[in-house]
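Each chain is listed here by its residues.
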Amino acid sequence: MDDDEKARWREQQTLSEIKRITLKARQRHTLSEEEQKVLRQYKVEEIKRLQEKHKREGLSQEERYLLAKLEESLQQEDQVVHQMESVKSEVGEALAKLQSGRSMRPKERFRLYQLLEQEEKRLEQNDDKHGLQTQEELRVLKQLRTLRLEREERKKNRKTQQDYLKLMMGG
């Protein structure tokens, strides 16, 4: 096999992999981190190739459309990643605050519990649909479940104490 044939073969392998990953994404399956990296790398390389071609000889209408869609797709991915990192950071901070035992205003505690409940639901849905992709997601889900169960146990104990006091007071 000469160099041109090897290059075409690698290109065909890459295109086959991209088609497989794209089909998986369209079927709403969760992509692994490696698949996400492969797809992103392909988009970046394709954008560079199209931009270079545009400088050299111009692009057809179809190629301009493809370039615009690829750039838009990368921009959307960046926004989603930024948003997920923000939520992840906020959840981590909320867990740390609640587990530290420091006192906080009831409004703040309520907001933190709401945030953690939303994240727990999101992780559980991902786990039910596709399975969790990283050890960190599994660890966070376990922490959230533990925190929720401890909170429910404290509520139950308070309710029992209140009922006992009512009974003792003759009410």
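Everything that follows concerns the structure shown earlier in this document.
What this report covers is the structure whose coordinates are included nearby. Small disclaimer: the values here were computed from a predicted structure and weren't measured.

### Considering the overall build of the chain
When you go through the chain residue by residue, the secondary structure sums to five helices and zero strands. Mapped from its N terminus to its C terminus, the chain presents α and β elements in the order α-α-α-α-α. Over its C-alpha trace the chain gives a radius of gyration of 25 Å, far above what one expects of a compact globule, namely 16 Å for 171 residues. Taken along the three principal axes of its C-alpha coordinates, the chain extends 90 × 30 × 25 Å. Within the chain, residue pairs in contact and separated by at least 24 positions form 45% of the contacts whose partners lie at least 6 positions apart. As displayed, the chain has an accessible area near 13700 Å², and 50% of this comes from carbon and sulfur atoms. Across the chain, the 39 positively charged side chains and the 35 negatively charged ones have centroids separated by 7 Å.

### With respect to the layout of surface pockets
When its volume is computed, the largest pocket comes out at roughly 1500 Å³. Lining the largest pocket are 34 residues, with Leu 31, Gln 36, Val 80, Val 81 and Met 84 sitting closest to its centre. Of all elements in the fold, only α1 (3-26), α2 (33-56), α3 (61-100), α4 (106-129) and α5 (135-168) reach the threshold of two or more residues within the lining of the largest pocket. At nine residues, the largest contribution of residues to the lining of the largest pocket is made by α3. Among the residues making up the lining of the largest pocket, the classes are represented as eleven nonpolar, nine polar and 14 charged. For the second largest pocket, the lining is made up of 13 residues, of which Thr 22, Lys 43, Lys 69, Leu 70 and Ser 73 are closest to its centre. For the lining of the second largest pocket, the elements supplying multiple residues, two or more each, are α1, α2 and α3.

### Regarding the nonpolar core
Core analysis: the biggest nonpolar cluster contains 14 residues, and Val 91, Leu 95, Leu 98, Leu 116, Leu 144 and Leu 147 have the highest contact counts within it. Secondary-structure elements contributing two or more residues to this core are α3, α4 and α5. Residue contributions to this core peak at five residues, all from α4.

### Thoughts on a nonpolar patch on the surface
On the surface, Tyr 164, Leu 165 and Met 168 cluster together to form a nonpolar patch covering roughly 360 Å² of accessible area. Within the secondary structure layout, Leu 165 lies in helix α5. We classify Leu 165 as exposed; its relative accessible area is 52%.

Conventions adopted
- Residues numbered from 1 in each chain as written.
- Predicted model: local features only at pLDDT ≥ 70, side-chain atom pairs only at ≥ 80, totals over all residues.
- Heavy atoms only, no water.
- Helix = DSSP H or I, 4+ residues; strand = E, 2+ residues; numbered from the N terminus.
- Rg over C-alpha atoms; globule rule 2.2 N^0.38 Å.
- Contact = heavy atoms within 4.5 Å.
- Areas by Shrake-Rupley, 256 points an atom, 1.4 Å probe, with all protein chains shown as cover.
- Lys, Arg positive; Asp, Glu negative; His and termini not counted.
- Charge placed at Lys NZ, Arg CZ, Asp CG, Glu CD.
- 1 Å grid on protein atoms, 1.4 Å probe; cavity = no way out; pocket = protein on both sides within 12 Å on 5 of 7 lines; lining within 4 Å.
- Points joined across faces, edges and corners; volume = space filled by probe spheres on them.
- Nonpolar A, V, L, I, M, F, W, Y, C, P; charged D, E, K, R; others polar.
- Core = buried A, V, L, I, M, F, W, Y, C linked by side-chain atoms within 4.5 Å.
- Buried < 20%, exposed > 50% of the residue type's maximum accessible area, 1.4 Å probe, protein only.
- Patch = residues over 30% accessible without salt bridge, like charges linked within 9 Å, V, L, I, M, F, W, Y side chains within 5 Å.
- Salt bridge = Lys/Arg side-chain N within 4 Å of Asp/Glu carboxyl O.

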